[in-house]
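Reading the structure
In case you want the letters, here they are:
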Amino acid sequence: METLFDVKVLGVSTINPPRKKRRVGKFMGHRALYKRAIVTLAPGDSITLFPEV
């Protein structure tokens, strides 16, 4: 993150949300697992996702 966006990263927290149930016809299953990462940046740093807007 630091080299890609030229920012200073102070910390990274990760979250594994619970799986949600999904029904396909008469069969029960689960949605795919995913992991979220929350990145804390130094004061004054920001990442611009859409520079044109």
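Anything mentioned here points back to the structure above.
A brief look at the structure comes next.

Rules and cut-offs
Residues numbered from 1 in each chain as written. Predicted model: local features only at pLDDT ≥ 70, side-chain atom pairs only at ≥ 80, totals over all residues. Heavy atoms only, no water. Helix = DSSP H or I, 4+ residues; strand = E, 2+ residues; numbered from the N terminus. Rg over C-alpha atoms; globule rule 2.2 N^0.38 Å. Buried < 20%, exposed > 50% of the residue type's maximum accessible area, 1.4 Å probe, protein only. Patch = residues over 30% accessible without salt bridge, like charges linked within 9 Å, V, L, I, M, F, W, Y side chains within 5 Å. Areas by Shrake-Rupley, 256 points an atom, 1.4 Å probe, with all protein chains shown as cover. Salt bridge = Lys/Arg side-chain N within 4 Å of Asp/Glu carboxyl O. Lys, Arg positive; Asp, Glu negative; His and termini not counted. Charge placed at Lys NZ, Arg CZ, Asp CG, Glu CD. Pairing = 2+ DSSP bridges. Contact = heavy atoms within 4.5 Å.

Per the secondary structure count, the protein includes one helix and four strands. Written out in order from the N terminus, the α and β elements of the protein read α-β-β-β-β. Since a compact globule built from 53 residues should have a radius of gyration of about 10 Å, the 18 Å found for the protein marks it as more spread out than a globular shape. With the C-alpha coordinates aligned to their principal axes, the bounding extent of the protein is approximately 50 × 30 × 15 Å. Here the protein holds 53 residues, and the buried ones make up 8% of them.

What follows concerns unusual backbone geometry. One non-glycine residue, aspartate 6, adopts positive backbone phi at about 55°. For aspartate 6, the location among the structural elements is in the loop between helix H1 (2-5) and strand S1 (9-15).

A contiguous patch of positive charge on the surface is contributed by Lys20, Arg22, Arg31 and Arg36. Considering the arrangement of structural elements, one finds arginine 36 in strand S4 (residues 36-41).

This brings us to a nonpolar patch on the surface. The grouping of Met1, Leu4, Phe5, Val12 and Val39 at the surface amounts to a nonpolar patch, some 470 Å² of accessible area in total. Structurally, methionine 1 can be placed in the segment before H1. A relative accessible area of 45% places methionine 1 in the partly exposed class.

Pairing analysis gives four bridges linking strand S2 (residues 21-24) to strand S3 (residues 27-30), with the strands arranged antiparallel. Bridge pairing in S3 links arginine 23 to methionine 28. The loop that links S2 with its antiparallel partner S3 comprises two residues; one of these, glycine 25, has a positive phi angle of about 65°.

Turning next to the environment of glycine 29. Among the secondary structure elements, glycine 29 is positioned in strand S3. Sequence separation between glycine 29 and arginine 19 is ten residues; the distance between their C-alpha atoms is 9.8 Å. If we skip the residues at most four places from it in the chain, glycine 29 touches Lys20, Lys21 and Arg22.

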